[in-house]
Amino acid sequence: MEVPEFDIGRHFEPGVTPPSTADETAWWFVFCERRLLLRRLDVHMFQPPCQRHDPRPVASRIGEPHFLGRLAGVPCYAADIDGQFPCPAFEARGLYGLHNRLRADLYLLAGRAFQILEWDRKHRFCGRCGTPTQRAIAQRARVCPHCELSLFPRLTPAMMVLVKHGRQLLLAHSPRFPEGFYSVLAGFAEPGETLEACVRREVREEVALEVTNIRYFASQPWPFPHSLMVAYTADYAGGEIRVDGKEILHADWFTPETLPAVPGEISIAGHLIQWFVDAHGD
Ligand SMILES: [Zn+2]
């Protein structure tokens, strides 16, 4: 199943090499202390600077921008800025709280920009020989001029799984969640592990259940800070719920009628749970 909200779509053409001449119109994803600079459009919606008449946050204070590609033909850039941004026309906002407060494609691009800047910031030095790295020209990479090690943007695969048992689904409360909030199980893949093996291991470790019939559901870029979330469904195959007490404090079976507070549409967890409710609700 595809979740179209998580895909920028065909009108975005990714790229690395910026246009040779500066366009008058360009989308600028500028982060100040990891918060995106935005102009307020109305009481609810924001927009990154784009038009020529926007105050430009692209003065001398900005680091060398990264070209991201073109959105409907308009060049898109990501850049970091240090310290306070002095222009009162813009405010800085954390990415997580911006879901549904930016146009959907701009929100996804902002996540892409955030991940590229995070990677760039954290790979200034070669991990092998310690030499300062340089930005590669024709690909998204940083290269060590001394030992030629190439450093590419990092993605961390993680899985989540909706475990189902007839009309019931398994939901769990983690110590990171607010009181009374539940979600499906999730975890990071380990070296040498398939995602399906990760599903089986996490379910076993966190709630001591066995699962079968593991099926791919959909995926979501999750830029907090650099995950690719891969969602699955699975059928309960045996065992009694016994939580690990660390990652999971409480877990139980719920029906569409007895759901607790769960994630919304910002995350694929919300889509997974909604899919189950649509299939099993009255
Ligand atoms: Zn090196």
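Each chain has its residues counted from 1, following the order in which its sequence is written. Local features in this predicted model are restricted to residues whose pLDDT is 70 or higher, and side-chain atom pairs enter the listing and the counts only when it is 80 or higher, whereas totals over whole chains, interfaces and linings include all residues. Side-chain calculation: all heavy atoms of the structure are included, whereas hydrogens and water are not.

**Q** Kindly report on the domain arrangement of the protein chain, identifying the contributing residues and their values.
**A** Domain assignment breaks the protein chain into domain 1 (4-122) and domain 2 (156-280). Taking only C-alpha atoms into account, the centre of domain 1 sits 32 Å from that of domain 2. Facing 11 residues of domain 1, the contacting portion of domain 2 comprises 14 residues. The term buried area refers to how much accessible surface (probe radius 1.4 Å) is lost by two components on association, counted for both of them together. Overall, the association of domain 1 and domain 2 removes approximately 1100 Å² of surface from exposure, summing both partners, and the carbon and sulfur fraction of that is 68%. The salt bridge definition used is simple: a Lys or Arg side-chain nitrogen within 4 Å of an Asp or Glu carboxyl oxygen. Connecting domain 1 to domain 2 are 0 salt bridges. Contacts described as polar in this section are N or O atom pairs within 3.5 Å, which, within protein, must combine one atom able to donate a hydrogen with one able to accept it, while residues neighboring in sequence count only if both atoms come from side chains. The interface formed by domain 1 and domain 2 contains 1 residue pair in polar contact (both at pLDDT 80 or more). Under the grouping applied here, Gly and all other residues not named as nonpolar or charged are polar, the nonpolar ones being Ala, Val, Leu, Ile, Met, Phe, Trp, Tyr, Cys and Pro and the charged ones Asp, Glu, Lys and Arg. Each residue belonging to the side of domain 1 that touches domain 2 can be placed in one class, and the counts come to 5 nonpolar, 4 polar and 2 charged. Bear in mind that the domain bounds are from an automatic or database domain assignment. The contact rule is simple, with two residues in contact once any of their heavy atoms fall within 4.5 Å.

**Q** Before we move on, could you go through the sheet that holds strand β8 (residues 134-135) and cite the residues and values that matter?
**A** A sheet is described by the order of its strands in space; here 3 strands give the open sequence β8-β9-β10, paired in antiparallel fashion. For this open sheet the edge positions go to β8 and β10 (150-151), each flanked by a neighbour on one side alone. Two strands are said to pair when DSSP picks up at least two bridges between them. A run of DSSP states H or I qualifies as a helix once it reaches four residues; a run of E qualifies as a strand once it reaches two. Both are numbered from the N-terminal end. Looking at chain direction, strand β9 (residues 142-143) and β10 are connected through 2 bridges and run antiparallel. Across the sheet, the residue bridging to V143 is S150, located in β10.

**Q** Could you give me a rundown of the packing of aromatic side chains, with the residues and numbers involved?
**A** When two rings of Phe, Tyr or Trp (its six-membered ring) have centres within 6.5 Å they constitute a pair, described as stacked for plane angles under 30 degrees, edge-to-face for angles over 60, and tilted for the intermediate range. Within the structure shown, the criterion is met by 11 aromatic pairs. One aromatic cluster is present, built from ring pairs that chain together W28, F67 and Y77.

**Q** Go over the coordination of the zinc ion with me, naming the residues and quoting the values.
**A** Ligating atoms shown are N, O and S within 2.8 Å of the metal, or 3.2 Å for Na, K and Ca, and water is not included, meaning a site may look less than complete. Protein ligation of the zinc ion involves C126 (SG), C129 (SG), C144 (SG) and C147 (SG), the donor distances falling in the range 2.3 to 2.4 Å. A four-donor site is called tetrahedral if each angle lies between 85 and 135 degrees; a four-donor site is square planar, and a six-donor site octahedral, when trans pairs exceed 155 degrees and the remaining angles lie between 65 and 115; all other cases are labelled irregular. Of note is the zinc ion, whose 4 donor atoms meet at the metal with angles of 100 to 122° in an arrangement that counts as tetrahedral. Sequence positions of the residues that donate to the zinc ion give the spacing C-x2-C-x14-C-x2-C. Exposure classes here rest on a 1.4 Å probe applied to the protein chains alone. A residue is buried below 20% of its type maximum, exposed above 50%, and partly exposed in between. Owing to a relative accessible area of 23%, C147 belongs among the partly exposed residues under this scheme.

**Q** Lay out the side chain of R142 with the relevant residues and their values.
**A** The topology assignment puts R142 in strand β9. A residue is classified by how much of its surface remains accessible, and R142, at 7% relative accessible area, is buried. A polar side-chain atom of R142 sits 2.6 Å from a polar atom in the side chain of D120. Not counting residues up to four positions away in its chain, the partners in contact with R142 are W119, D120, H123, R124, T133, Q134, R135, A136, L149, S150 and L151.

**Q** If you had to explain the pairing of strand β12 (residues 168-173) to someone new, which residues and values would you point to?
**A** By the criterion of burial, β12 is predominantly enclosed, with 5 of the 6 residues buried. Pairing of strand β11 (residues 156-165) with β12, which is carried by 2 bridges, proceeds in the antiparallel orientation. Residue pairing in the sheet places K164 in a bridge with L169 of β12. Hairpin connection from β11 to β12: 2 residues lie between these consecutive antiparallel strands, with G166 at a positive phi of about 65°.

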